[in-house]
Amino acid sequence: MRILLALLVLLFSPLSATAQDFGRLVAQVALQPLPEGETPDIDLLLRTQWKAYYNAGGTHGFFRDQVRAGRIDLNEDGQAELFILIDSPAWASAKGMPLLVAGWTSKGWTPIGWSYADSDSVFVTSERIDGWATILTPTQALQRVGKSYQAIDRR
């Protein structure tokens, strides 16, 4: 029901005209809690990008149960990119929660884009730039520029 509501809000909100500029919605990125088993590749990314906060106490500290992840192939090369959302109230902003998009390299996951979103509000559109799909969140669009994504404010 939340997914349907999110789609309806995106389609019928004042942002729908802006959303059309980025193509039609073709897929939702399913951001789910991390699995209970080991995820060393994702844990390494979290420790690298949020060194002072991941598995730490304090005001902005967060743990695995406050991380959501999803995968979707953004450039149709057969290898899915990774989406990480920090789903902690301490990290909430007017734009949403921090969202990281990462691509796989020989050294592991490498950030290719940053944005803000909620767990049920990240979509891929039909628009492609150099073969890479555009990503929409409620407040930003991420378009491919060179080797990474650039966030464009939508409001």
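Before reading on, note that the structure itself is shown above.
Because the structure is predicted, anything quoted here is derived from the model rather than measured. (Residues numbered from 1 in each chain as written. Predicted model: local features only at pLDDT ≥ 70, side-chain atom pairs only at ≥ 80, totals over all residues. Heavy atoms only, no water.)

Caption draft 1: How the structure looks around the pattern of salt bridges. This model, assessed by the stated rule, comprises five salt bridges. A salt bridge links R68 to D87; its shortest N-O distance comes to 3.1 Å. Here the residue R68 occupies a position in strand β3 (residues 67-72), and D87 occupies one in the loop between β4 (81-86) and β5 (97-105), the gap between them amounting to 19 residues. A relative accessible area of 30% places D87 in the partly exposed class. The closest approach of N and O atoms between R128 and E76, which form a salt bridge, is 3.4 Å. Placement of the pair is R128 in strand β7 (residues 123-129) and E76 in the loop between β3 and β4, with a sequence separation of 52 residues. By relative accessible area, which is 34% here, R128 ends up partly exposed. (Salt bridge = Lys/Arg side-chain N within 4 Å of Asp/Glu carboxyl O. Helix = DSSP H or I, 4+ residues; strand = E, 2+ residues; numbered from the N terminus. Buried < 20%, exposed > 50% of the residue type's maximum accessible area, 1.4 Å probe, protein only.)

Caption draft 2: Representation of the side chain of Q140 within the structure. Along the polypeptide, Q140 turns up in strand β9 (residues 140-145). Its relative accessible area of 5% is what places Q140 among the buried residues. A polar side-chain atom of Q140 sits 2.9 Å from a polar atom in the side chain of D153. Not counting the four nearest positions on each side in its chain, Q140 is found in contact with K95, W114, S115, Y116, I135, A151, I152, D153 and R154. (Polar contact = N/O pair within 3.5 Å; in protein donor to acceptor, adjacent residues only side chain to side chain. Contact = heavy atoms within 4.5 Å.)

Caption draft 3: Focus on the pairing of β9. Among the six residues in β9, five count as buried, and that is most of the element. Note that strand β8 (residues 132-136) and β9 share two bridges and pair antiparallel. For I135, the partnering residue across the bridge sits in β9 and is L142. As paired elements, β9 and strand β10 (residues 148-153) share six bridges and run antiparallel to each other. In the sheet register, Q143 faces β10, and the bridge partner there is Q150. In this antiparallel pair of consecutive strands, β9 and β10, the connection spans two residues, and G146 shows a positive phi of 70°. (Pairing = 2+ DSSP bridges.)

Caption draft 4: Layout of the packing of aromatic side chains. Summed over the entire model, instances satisfying the criterion amount to seven aromatic pairs. Taken together, a centroid distance of 6.0 Å and an interplanar angle of 90° make the contact between F62 and W91 edge-to-face. Of this pair, F62 sits in the loop between α3 (40-49) and β3 while W91 sits in the loop between β4 and β5, and the two are 29 residues apart along the sequence. One exposure class covers both F62 and W91, and it is buried. In this structure, R144 is placed above the aromatic ring of W132, and the distance from its NZ or CZ to the ring centre is 3.7 Å. (Phe/Tyr/Trp six-rings, centres within 6.5 Å; stacked < 30°, edge-to-face > 60°. Lys NZ or Arg CZ within 6 Å of the ring centre and 35° of its normal.)

Caption draft 5: Representation of the sheet that holds β8 in the model. The five strands lie next to each other as β1-β7-β8-β9-β10, forming an open sheet whose pairing is antiparallel. Sheet topology places β1 (25-28) and β10 at the edges, where each strand pairs with a single neighbour. Taken pair by pair, the neighbouring strands of this sheet meet at an average axis angle of 35°, ignoring direction. (Axes fitted to C-alpha atoms, helices over the stretch in contact; angles between N-to-C directions.)

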